[in-house]
Amino acid sequence: MICRRICRRNPWSFSHWWRSVYPATTPPSAAAWADARRASSGLGFLARAQPNIFVNRRTFSLFQSHHEGDSLSIQFGTRGCNFTTHALGDSPIGGVVDVPLAQTGEGIAECELLKWFVQEGDQVEEFQPLCEVQSDKATIEITSRYRGKVSKVLHIPGDIVKVGETLLKMVVDENAVSDQCSETLEVIKVHDSNTSEVDVTDSGPKKAKIGGALSTPAVRNFAKQLGVNIEDLHGSGKEGRVLKEDVLNYAAREGILKESSVSSDDSSADEYLERDQKLTEVASTYGREYDDRTVPLRGFQRAMVKSMTLAAKIPHFHYVDEINCDALVQLKASFQDENSDPGVKHTFLPVLIKSLSMALSKYPLLNSCFNEELQEVTLKGPHNIGIAMATPHGLVVPNIKKVQCLSILEITKELSRLQQLASANKLSSDDITGGTITLSNIGAIGGKFGSPLINVPEVSIIAIGRIQKIPQFDEDGNVYPASIVTVNIGADHRVLDGATVAMFCNEWKLFIEKPELLMLHMK
Amino acid sequence: MAVPQTRSMGLPLINLLRLKGAPILQQLHLEERLLRTSYDNWCIINDGTTKRTVVMGVSGKAEELLEIDSVLRDEIPVIRRFTGGTVIVDQGTIFVTFVCNKDAFPDLQSYPQPIMSWSSLIYKKVFQGIGDFSLRENDYVLGNRKFGGNAQSITKTRWVHHTSFLWDYEVSNMGYLKLPKRAPDYRQARDHLDFICRMKDHIPRSNFIERTIDAVGSHFVLRSVDPEASQSPLSSKFEPSSRLLKREELEEAIFNSRSRGACAASASQAS
């Protein structure tokens, strides 16, 4: 609700003024004047004051018959204004105005400033939100009464501001003074030689708003984004308002927007020519993209070339199996429900990692290192499980050290830490070396399963596909849904054989399908 | 901006959304989303939330409002919401929220006090013949005991007014809240338990909800909305500001308050 300010700048007429200041219910009659004159000497001033009333409007001595010699002197200015909830300072035309904290209603004395939506130098539109304040239990958006530019912000978030206190100073646009009384506007306009916008001989269609097309702030912003000068537009809305469609049509006509459809049927020759010209421009841009582009390999990509070349020497075999993840899904949901720390996000991976470590304890041959020259296998003590991560910089495999000593929560946190470092390209060399087995959760991106290549000098790698809900048959031939994930274990056939890998996978699968068994090994 | 059909028989239309046991953070996100991206009027009633949670106001300081040590020890989630006020909510809390356009009621000034008074008209009707209901400052009271706390957010074209009603509460939960520095006058330094009361001592739970819906119906034309329908994002770009505070933030608050206390102590020693 916008409250108007009614400003009376005209000199007060005598009768008007007389009614305002005379306290008696009836104005004095001529008889009363005569009586007064006959009364005590102290009242003699009244006769003399009469001419003063007309000359000096600033002070007026009030006559009251029962108080001899008493006089009340009321001072008042020549300018009177009735303010509503929007208190204003001086005339804001083209000058700096103090914008006070208002729009809070009765009964609120002060508010805390929560945040600014604008900063010094910003252009603001009428009704645009300036800031948010809080009083007691209410947060309130304070909007601008004017269109103008923020010249100085007087408070910072956290400050307590009294209602009526100035929040910020604004340089108000000349044509934002629609609320001013018209006579003042005209008076000042006549004297202001800077008003170039006041062009009385301006063409008809443009609306009365001096120097500006009528439109909403949103449409103005839109026009600005497209690089269209809104003043050039003819509005098709109510009262000649410029609408978004007007801006779009104008932009299209001026060729700012490329036409996406090529309909040659009803286009005139000129338009066709224009479109043809545009197409040749477009073609030349695209033409450039058909050239060859040479990219030197650096960083992670270079490392990948090296490791994959070495991996190509390993005789791989791949073992594939499906794992029922119903219990895993339930477990993750349970972790997430009881999670009170927003810094921790529970996923499937930590449980898979922990159960992998459990299975490795029983089949340590998968957590080993093969030395071709010496023809010996080193069974590694710690389970440093590497997690393949796709980052904007390429594929990287940091590892979580000594998983057998970590709890699932600790694994979750460590995984998150490594993921953040990886995406910021800030992994240390310690993070990416020393891995003993690798897990590739390609399912996070997509795919049913992959055939992964071993991360040298390890001897096995596990690729996990996406968990999918697929129908299964039970013993009675009934169909039931189950969350199934496909895993593919790539193994070095010089060290591992199919049987070992199959048994290992069965063990791992058991822990995933029955996670309660993990508790048997809890220390 | 499309102008929806907002008036029928002279009353504005309101979408009524009934939830039960919705998590409070989810409710706050929904409210903020409806405030900022919807053009309709909404009344949301959430009959109890799932888990006991502390909800703090937008500018509330944890060290002043909460017994942080206990909150951390018992792992109570703390949410900072987009309106003001502090409350501890659980299954015994009933939430009623109004999200309205400023022009739903052209005669209603969209400032905190007028909206507060308007809302009290609705509840006055609910408690007619049941209890000595009144609005005191920002609280709904029966007699001189608070049973409902209010908070608001007012934007350029819309406002939200939401209430947490104490249908029932656990005495132990009140131990997580400190006595607030800024308290309404009528509280008169009363302890939590002497200041609040249980709505269940006055009215059955379902009765309260039904009577509230009836009272809302006297100011609006009601249209029931399916909870699933309201979950679909009206504007995918919207980011709600209510959030769960991290453990580190609460620990930092304790640290700040202790170091401030230590400074004050040493300053007084020095002088």
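Since the structure is predicted, the reported quantities are computational estimates derived from the model, not experimental observations.

**Some details on the overall build of chain B**
Then, number 1: The secondary structure content of chain B amounts to nine helices and 13 strands.
Then, number 2: Looking at chain B as a whole, 51% of its 271 residues are labelled buried.
Then, number 3: Long-range pairs, those at least 24 residues apart, make up 78% of the contacts in chain B between residues at least 6 apart in sequence.
Then, number 4: Accessible surface for chain B amounts to roughly 12500 Å². Of this, 51% is attributable to carbon and sulfur atoms.

**Things to note about the interface of chain B and chain A**
Then, number 1: If you look at the interface, chain B gives 29 residues, while chain A gives 26 residues.
Then, number 2: Each partner contributes to the roughly 2200 Å² buried at the junction of chain B and chain A, and carbon and sulfur atoms together form 51% of this total.
Then, number 3: When residues of chain B are sorted by the area they lose upon contact with chain A, Ser59(B), Tyr111(B) and Lys156(B) head the list and together hold 25% of the total.
Then, number 4: Summed over the shared surface of chain B and chain A, the result is two salt bridges.
Then, number 5: Between Lys137(A) and Asp139(B) there is a salt bridge, with the nearest N and O atoms lying 3.9 Å from each other.
Then, number 6: The tally of links from chain B across to chain A stands at ten residue pairs in polar contact (both at pLDDT 80 or more).
Then, number 7: At the level of elements, helix 4 (112-126) and strand 10 (145-154) of chain B are the ones that each hand at least two residues to the side of chain B that touches chain A.
Then, number 8: If you tally residues by element for the side of chain B that touches chain A, the top one is strand 10 of chain B, at six residues.
Then, number 9: Alignment of strand 9 (residues 138-143) of chain A against strand 10 of chain B, held across three bridges, turns out to be parallel. Considered in strand 10 of chain B, the bridge of Ala138(A) is made with Gln152(B).

**Overview of the pairing of strand 15 (residues 376-379) of chain A**
Residues and elements named next belong to chain A.
Then, number 1: For strand 14 (residues 368-371) and strand 15, the ladder comprises four bridges, and the chain directions are antiparallel. When the bridges of strand 15 are listed, cysteine 369 appears paired with threonine 378.
Then, number 2: Counting the residues between successive antiparallel strands, the hairpin from strand 14 to strand 15 contains four residues, one of them, glutamine 375, with a positive phi of roughly 50°.

**Some points on the environment of Val459(A)**
All names here are of chain A.
Then, number 1: Within the secondary structure layout, valine 459 lies in the loop between strand 20 (437-440) and strand 21 (460-464).
Then, number 2: Looking at valine 459, the relative accessible area reads 0%, which means it is buried.
Then, number 3: For the pair valine 459 and asparagine 367, spaced 92 residues apart in the sequence, the C-alpha separation amounts to 7.2 Å.
Then, number 4: Apart from the residues within four sequence positions on either side, valine 459 is in contact with Leu365, Leu366, Ser368, Cys369, Phe370, Ile454, Gly490, Ala491, Asp492, Val495 and Leu496.

**As for the confidence of the model for chain A**
Then, number 1: Confidence in the prediction of chain A, expressed as mean pLDDT, is 72, and 67% of residues score 70 or more.
Then, number 2: A low-confidence stretch, residues 257-285 of chain A stays under pLDDT 50, and its non-local contacts, those more than four residues away or across chains, total 14 contacts.

**Some details on the sheet that holds strand 6 (residues 87-89) of chain B**
Residue and element names in this part refer to chain B.
Then, number 1: Sheet architecture is open: four strands sit in the order 6-4-5-13, paired in mixed fashion. Among the strands making up the open sheet, the edge pair consists of strand 6 and strand 13 (243-244).
Then, number 2: Bridge analysis of strand 4 (residues 53-56) against strand 5 (residues 78-80) gives three bridges, and the strand direction is parallel. Within the sheet, the bridge partner assigned to valine 54 lies in strand 5 and is valine 78.

**Let's talk about the sheet that holds strand 10 (residues 148-153) of chain A**
Residues and elements named next belong to chain A.
Then, number 1: Overall, antiparallel pairing links the four strands, which are arranged 5-12-10-7 in an open sheet. What marks the edges here is a single partner per strand, and that holds for strand 5 (96-100) and strand 7 (123-124).
Then, number 2: Here five bridges tie strand 10 to strand 12 (residues 166-172), and the two strands are oriented antiparallel to one another. Residue pairing across strands places lysine 152 opposite lysine 169, the latter belonging to strand 12.

**Looking at the pairing of strand 11 (residues 158-166) of chain B**
All names here are of chain B.
Then, number 1: Counting buried positions along strand 11 gives nine out of nine residues, so the element sits mostly inside the fold.
Then, number 2: Side-chain alternation along strand 11 places Arg158, Val160, His162, Ser164 and Leu166 on one buried face and Trp159, His161, Thr163 and Phe165 on a second face that is also buried.
Then, number 3: Of the strand pairs in this sheet, strand 7 (residues 93-101) and strand 11 are connected by nine bridges, and their pairing is antiparallel. Looking at the pairing, isoleucine 94 lines up with phenylalanine 165 of strand 11.
Then, number 4: Judged from the seven bridges that link them, strand 10 and strand 11 form a sheet pairing that is antiparallel. What sits directly across from glycine 149, in strand 11, is serine 164.
Then, number 5: The loop that links strand 10 with its antiparallel partner strand 11 comprises three residues.

**Let's talk about the pattern of salt bridges**
Then, number 1: Throughout the structure, instances matching the rule amount to 23 salt bridges over all chains.
Then, number 2: Here Glu110(A) makes a salt bridge to Lys162(A), at a shortest N to O gap of 3.5 Å. Pair noted here: Glu110(A) is in strand 6 (residues 110-116) and Lys162(A) is in strand 11 (residues 160-162), with a separation of 52 residues, a long-range link.
Then, number 3: Glu210(B) is the partner of Arg18(B) in a salt bridge, and the nearest nitrogen-oxygen pair spans 3.3 Å.

**Side note on the side chain of Glu125(A)**
Residues and elements named next belong to chain A.
Then, number 1: Its place among the elements puts glutamate 125 in the loop between strand 7 and strand 8 (129-135).
Then, number 2: Given a relative accessible area of 15%, glutamate 125 falls into the buried group.
Then, number 3: For glutamate 125, the contacting residues outside a window of four places in its chain are Ser144, Tyr146, Arg147, Pro217 and Arg220.

**Describing the environment of Asp246(A)**
All names here are of chain A.
Then, number 1: Turning to its location among the elements, aspartate 246 is positioned in helix 6 (residues 244-253).
Then, number 2: C-alpha of aspartate 246 to C-alpha of valine 219: the two residues are 27 residues apart in sequence and 9.5 Å apart in space.
Then, number 3: Apart from the residues lying within four places of it in its own chain, the contact partners of aspartate 246 are Leu233, His234, Gly235, Ser236, Gly237 and Arg241.

**Let's talk about empty space enclosed by the protein**
Residues and elements named next belong to chain B.
Then, number 1: For the coordinates displayed, the defined rule picks out six cavities of 30 Å³ or more.
Then, number 2: The computed volume of the second largest cavity comes to approximately 50 Å³.
Then, number 3: Forming the boundary of the second largest cavity are Ile24, Gln27, Leu28, Glu31, Arg81, Phe95, Thr97, His162, Thr163 and Ser164.
Then, number 4: Put simply, the parts of the chain that give the lining of the second largest cavity at least two residues each are helix 1 (24-37), strand 7 and strand 11.
Then, number 5: Sort the elements by how many residues they give to the lining of the second largest cavity and helix 1 lands first, with four residues.
Then, number 6: Classifying every residue of the lining of the second largest cavity by side-chain character gives three nonpolar, five polar and two charged.

**What about the packing of aromatic side chains?**
All names here are of chain B.
Then, number 1: Taken as a whole, this structure holds 17 aromatic pairs over all chains when the rule is applied.
Then, number 2: Between tryptophan 118 and tryptophan 159, the aromatic rings sit 5.5 Å apart at their centres with planes inclined by 75°, giving edge-to-face as the arrangement. Pair noted here: tryptophan 118 is in helix 4 and tryptophan 159 is in strand 11, with a separation of 41 residues, a long-range link. Each member of the pair, tryptophan 118 together with tryptophan 159, is buried.

**A closer look at the side chain of Thr97(B)**
All names here are of chain B.
Then, number 1: Looking at where threonine 97 falls in the secondary structure, it is placed in strand 7.
Then, number 2: Using a relative accessible area of 0% as the deciding quantity, one classes threonine 97 as buried.
Then, number 3: Among the polar contacts listed, one links the side chain of threonine 97 to the side chain of glutamate 31, at a separation of 2.7 Å.
Then, number 4: Not counting residues up to four positions away in its chain, the partners in contact with threonine 97 are Gln27, Glu31, Trp42, Cys43, Ile44, His161 and His162.

**Notes on unusual backbone geometry**
A negative phi angle is the norm for most residues apart from glycine, just as the trans form is the norm for most peptide bonds.
Then, number 1: The amide bond that connects Val456(A) to the next residue, Pro457(A), takes the cis arrangement and shows omega of 5°.
Then, number 2: Position of Pro457(A) among the secondary structure elements: in the loop between strand 20 and strand 21.
Then, number 3: Phi at Gln375(A) is positive, roughly 50°, even though this residue is not glycine.
Then, number 4: Looking at the secondary structure, you find Gln375(A) in the loop between strand 14 and strand 15.
Then, number 5: Not every positive phi belongs to a glycine, and Glu137(B) is a case in point at roughly 55°.
Then, number 6: Mapped onto the elements, Glu137(B) comes out in the loop between strand 8 (133-136) and strand 9 (139-142).
Then, number 7: With a relative accessible area of 38%, Glu137(B) lands in the partly exposed category.

Rules used in this analysis
- Residues numbered from 1 in each chain as written.
- Chains lettered and ligands numbered in written order.
- Predicted model: local features only at pLDDT ≥ 70, side-chain atom pairs only at ≥ 80, totals over all residues.
- Heavy atoms only, no water.
- Helix = DSSP H or I, 4+ residues; strand = E, 2+ residues; numbered from the N terminus.
- Buried < 20%, exposed > 50% of the residue type's maximum accessible area, 1.4 Å probe, protein only.
- Contact = heavy atoms within 4.5 Å.
- Areas by Shrake-Rupley, 256 points an atom, 1.4 Å probe, with all protein chains shown as cover.
- Buried area = accessible area lost by both parts, 1.4 Å probe.
- Salt bridge = Lys/Arg side-chain N within 4 Å of Asp/Glu carboxyl O.
- Polar contact = N/O pair within 3.5 Å; in protein donor to acceptor, adjacent residues only side chain to side chain.
- Pairing = 2+ DSSP bridges.
- pLDDT = per-residue confidence, 0-100.
- 1 Å grid on protein atoms, 1.4 Å probe; cavity = no way out; pocket = protein on both sides within 12 Å on 5 of 7 lines; lining within 4 Å.
- Points joined across faces, edges and corners; volume = space filled by probe spheres on them.
- Nonpolar A, V, L, I, M, F, W, Y, C, P; charged D, E, K, R; others polar.
- Phe/Tyr/Trp six-rings, centres within 6.5 Å; stacked < 30°, edge-to-face > 60°.

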